[in-house]
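# Chains, contacts and geometry: an overview
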Amino acid sequence: MGATQWVTLQADSYEAKVSVATLCAHPDSCLANMVEMELTSCAADPAATHPCIRLDCCESVAREVVALLRQRDSYSPPTDVRLLRALQQQLDFLGLPGPQVVAGQEVVLVPSYRLESLLDGASWGRHGMYIYSSSTRGWANIAGDQDCRPAKMQANGKAGSGLVNAWHQAQAPQLPGGCISSHALVSNRQEGLLLAIGGYNSDERTALASASPHVLLYDVAGGGWRVDPSGCMYPGVGSETWAAAAVDDHTIMVLGSSSDGTSARNDLLDLRMWRWREGCGLENDMTHNIGLVMYEGRALAVGGRQAYADFNSEGVAMPSATRKVRAYDVATDAWSELPPLPYTGPKAVGVIDACPVAMRLRNALDWLA
């Protein structure tokens, strides 16, 4: 490419002198070909004073292109979505790779739950959506002093008319004796499966009713349920409440609580072979109505209660629900505790029926996808 070491990049009123080595860091790119052609043209033209390439983009995009070429892996892209899209379009034209996309921070949200108190007068309205981040190892109530959940998620809320065409009716999980209720539902993205585990026959939900030992598999294409695929049945006979989560691409985890709500068995199902294995369960805990979610490779069990309240020596009822958050490490088959949900009121309150979800805060570069 001759002895020339610098080329001027221009766009509108913007121009920058960039080294040939920087411009040609990707030798197979369209930009490298443009540089080579400009250098060859200048070498053949005695009147040419300095090689120059004009980019067909605005000044702000050209600045980002030059910054990306110079800073490489340390480049920090802008947060403006329109500028990002224009930058991506220009990079595609020049044949240059885009900036490294750093995934947004993953957090756990608890948008929906019930509070249980043994004492009257607890302030329910102070509790909205909780958010947890491992980077700060703490929970925050992002509702302030009010419940920030949309009205549609609060009591008696009705879906707007815009949602009508987004839903369709599907058959409820059914056994030969009728539909089941109080079961755990879990989906698996890799295998494309929806499973219903545990529960009771809705026509037999009495104190004497026995829980279902079946695994029900929903066929999305066919619109129906299959019972015990490949002969697979749930091994947690005697469980009274259930919570389930997809552990990885091929495994689901089910916590089945004992009848008194003081322990829970932990069963993991390999969907490739339809085989169960037993994991470390929860002991001496409050395990009815637990919320379960996968977060950073661990299963978080949020809240829970026991079936009946204990009483101290003075005959005063002890708390029968908890704010604890436990973390199950699948690799080590062990439990640990995270900070509890941060209720700071004066009453003894626990969290039950929590519906935790893990989500990744959106990085600006995700808009380019």
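To start, this report covers the structure provided alongside it.

What counts, and where the lines are drawn
- Residues numbered from 1 in each chain as written.
- Predicted model: local features only at pLDDT ≥ 70, side-chain atom pairs only at ≥ 80, totals over all residues.
- Heavy atoms only, no water.
- Helix = DSSP H or I, 4+ residues; strand = E, 2+ residues; numbered from the N terminus.
- Buried < 20%, exposed > 50% of the residue type's maximum accessible area, 1.4 Å probe, protein only.
- Contact = heavy atoms within 4.5 Å.
- Areas by Shrake-Rupley, 256 points an atom, 1.4 Å probe, with all protein chains shown as cover.
- 1 Å grid on protein atoms, 1.4 Å probe; cavity = no way out; pocket = protein on both sides within 12 Å on 5 of 7 lines; lining within 4 Å.
- Points joined across faces, edges and corners; volume = space filled by probe spheres on them.
- Nonpolar A, V, L, I, M, F, W, Y, C, P; charged D, E, K, R; others polar.
- Pairing = 2+ DSSP bridges.
- Axes fitted to C-alpha atoms, helices over the stretch in contact; angles between N-to-C directions.
- Core = buried A, V, L, I, M, F, W, Y, C linked by side-chain atoms within 4.5 Å.
- Phe/Tyr/Trp six-rings, centres within 6.5 Å; stacked < 30°, edge-to-face > 60°.
- Expected span 1.5 Å × (residues − 1).
- Arc of directions from axis to C-beta.

## Digging into the overall build of the protein
When helices and strands are counted, the protein shows 4 helices and 24 strands. Residues classed as buried in the protein amount to 41% of the 369 residues present. Look at the contacts in the protein between residues 6 or more apart in sequence, and 54% of them connect residues 24 or more apart. A total of about 20,100 Å² of accessible surface is found on the protein, and carbon and sulfur atoms cover 50% of it.

## Quick notes on the layout of surface pockets
Considering only enclosed or pocket space, the largest pocket measures out at about 980 Å³ in volume. Contributing to the lining of the largest pocket are 35 residues, with Val186, Ala244, Ala245, Ala246 and Leu292 lying nearest its centre. Looking at the lining of the largest pocket, the elements with two or more residues in it are strand 10 (184-188), strand 15 (241-246), strand 19 (291-295) and strand 24 (357-360). Broken down by element, the lining of the largest pocket gets its largest block of residues, 6 residues, from strand 15. Classifying every residue of the lining of the largest pocket by side-chain character gives 20 nonpolar, 8 polar and 7 charged. Volume-wise, the second largest pocket comes out at about 240 Å³. Lining the second largest pocket are 14 residues, with His26, Leu68, Arg72, Asp73 and Pro97 sitting closest to its centre. Counting residues per element, the lining of the second largest pocket draws most heavily on helix 3 (residues 59-71), which supplies 3 residues. Its residues placed into classes, the lining of the second largest pocket shows 9 nonpolar, 3 polar and 2 charged.

## Things to note about the side chain of Thr241
Looking at the element boundaries, Thr241 is found in strand 15. Discounting residues that sit within four places of it in the chain, Thr241 has contacts with Leu255, Gly256, Ser257, Thr287, His288 and Asn289.

## Regarding the sheet that holds strand 18 (residues 275-282)
Spatial strand order, 15-16-17-18: 4 strands in an open sheet with antiparallel pairing. The sheet is open, and its two edges are formed by strand 15 and strand 18, each paired on a single side. Across the sheet, the axes of successive neighbouring strands diverge by a mean angle of 20 degrees, strand direction being ignored. Sheet topology note: the strand 15/strand 16 (residues 251-257) ladder contains 6 bridges and is antiparallel. Residue pairing in the sheet places Thr241 in a bridge with Ser257 of strand 16.

## Concerning the nonpolar core
Counting residues in each nonpolar core, the largest one holds 29 residues, and the members touching the most others are Val7, Leu9, Leu23, Leu31, Val35, Leu55 and Val65. Elements with a contribution of two residues or more to this core: strand 1 (6-11), strand 2 (14-19), helix 1 (20-23), helix 2 (30-44), helix 3 and helix 4 (81-94). Take this core: its biggest share by element is 7 residues, from helix 3. Contacts of Leu23, omitting those with residues within four sequence positions, involve Val7, Leu9, Val18, Leu31, Ala32, Val35 and Leu69. Membership of the second largest hydrophobic core comes to 18 residues, among which are Tyr113, Val293, Tyr295 and Val351.

## A closer look at the packing of aromatic side chains
Summed over all chains, the structure comprises 4 aromatic pairs. Taken together, a centroid distance of 5.5 Å and an interplanar angle of 65 degrees make the contact between Tyr200 and Trp242 edge-to-face. Here Tyr200 is found in strand 12 (residues 200-201), whereas its partner Trp242 is found in strand 15, with 42 residues between them in sequence. Each of the two residues, Tyr200 as well as Trp242, counts as buried. Pairing Tyr328 with Trp335 gives two aromatic rings, centres 5.1 Å apart and planes at 45 degrees, and the pair type is tilted. Like Trp335, Tyr328 is buried.

## Concerning helix 2
Along its 15 residues, helix 2 runs 21 Å from first to last C-alpha, staying within 8% of the 21 Å computed at 1.5 Å per residue. Buried within helix 2 we find Leu31, Ala32, Val35, Leu39 and Cys42. Seen end-on, helix 2 carries its buried residues on one side only, within an arc spanning 100 degrees. Exposed positions of helix 2 whose direction lies more than 90 degrees from the buried face are Met37, Thr40 and Ala44. Where helix 2 is buried, its residues contact strand 1, helix 1, strand 3 (52-54), helix 3 and helix 4.

## Overview of the pairing of strand 2
The sheet contact formed by strand 1 and strand 2 spans 6 bridges and is antiparallel. Looking at the pairing, Trp6 lines up with Ser19 of strand 2. A loop of 2 residues connects strand 1 with strand 2, the two strands running antiparallel in sequence, and Asp12 in this loop sits at a positive phi of about 55 degrees.

## Notes on unusual backbone geometry
One non-glycine residue, Arg72, lies in the positive phi region at around 55 degrees. Residue placement: Arg72 occurs in the loop between helix 3 and helix 4. Look at Asn284: it is not a glycine, yet its phi comes out positive at around 50 degrees. Here Asn284 shows up in the loop between strand 18 and strand 19. You can call Asn284 exposed: its relative accessible area is 76%.

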